[in-house]
Amino acid sequence: MSAAVKYTLARIGLFLVVVAALWPVGMNLFLKLMVALIFSAAASFFLLRGWRDQMAEEVAAAAERRRAEKERLRSALAGDDQPAEGDQPR
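Keep in mind it's a predicted model, so treat the numbers as computed, not measured.

### Some remarks on the packing of helix H1 (residues 3–22) against helix H2 (residues 29–47)
- Packing of H1 against H2 brings their axes to within 8 Å, and their N-to-C directions diverge by 135°. One way to sum up the angle between H1 and H2 is to call them oblique. Where H1 crosses over H2, the handedness of that crossing is right-handed. The residues of H2 that touch H1, namely those facing Tyr7, Arg11, Leu14, Phe15, Val18, Val19 and Leu22, are Lys32, Leu33, Val35, Ala36, Leu37, Phe39, Ser40, Ala41, Ala43, Ser44 and Leu47.

Here is the structure:
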């Protein structure tokens, strides 16, 4: 399972735990959801730091791969791509 999926599921789970804890409190439903959203976001900042960092590394690696592939395709389209020594036509 990727770090992004784990982090997202943990954020949702943390939100649901906070909503469940606030459920018996006598306040408006919208207010409960807003308090749960704010509290779970603050808690996830500290509790889910490891998974957030892993997710950021995965996203950065994917962006670098896309950038490298884009540059390779641009140079191939521009004719700058040099064929490998064994790939030359005969």
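Anyway, onward from the coordinates.
### A word on the side chain of Lys32
- Among the secondary structure elements, Lys32 is positioned in helix H2.
- It turns out Lys32 is buried and unbridged, and the closest side chain with the opposite charge, Asp53, is 33 Å from it.
- Once residues lying within four places of it in the same chain are set aside, the contact partners of Lys32 are Leu22, Trp23, Val25 and Met27.

### Focus on H2
- Across its 19 residues, H2 extends 26 Å between first and last C-alpha, which sits within 8% of the 27 Å expected from 1.5 Å per residue.
- Here H2 has its buried residues at Lys32, Ala36, Ser40, Ala43 and Ser44. Buried residues along H2 cover an arc of 100° about the axis, so they all sit on one side. Exposed residues on H2 whose side chains face more than 90 degrees from its buried face are Phe30 and Ile38.
- Buried residues along H2 sit against H1 and helix H3 (49–78).
- Among the residues of H2, the N-terminal cap falls to Asn28, whose side-chain oxygen and the backbone nitrogen of Phe30 are separated by 3.3 Å.

The rules we used
Residues numbered from 1 in each chain as written. Predicted model: local features only at pLDDT ≥ 70, side-chain atom pairs only at ≥ 80, totals over all residues. Heavy atoms only, no water. Axes fitted to C-alpha atoms, helices over the stretch in contact; angles between N-to-C directions. Helix = DSSP H or I, 4+ residues; strand = E, 2+ residues; numbered from the N terminus. Parallel < 35°, antiparallel > 145°, perpendicular 65-115°, else oblique. Left-handed = near helix turned anticlockwise from the far one by under 90°. Contact = heavy atoms within 4.5 Å. Buried < 20%, exposed > 50% of the residue type's maximum accessible area, 1.4 Å probe, protein only. Lys, Arg positive; Asp, Glu negative; His and termini not counted. Salt bridge = Lys/Arg side-chain N within 4 Å of Asp/Glu carboxyl O. Expected span 1.5 Å × (residues − 1). Arc of directions from axis to C-beta. Polar contact = N/O pair within 3.5 Å; in protein donor to acceptor, adjacent residues only side chain to side chain.

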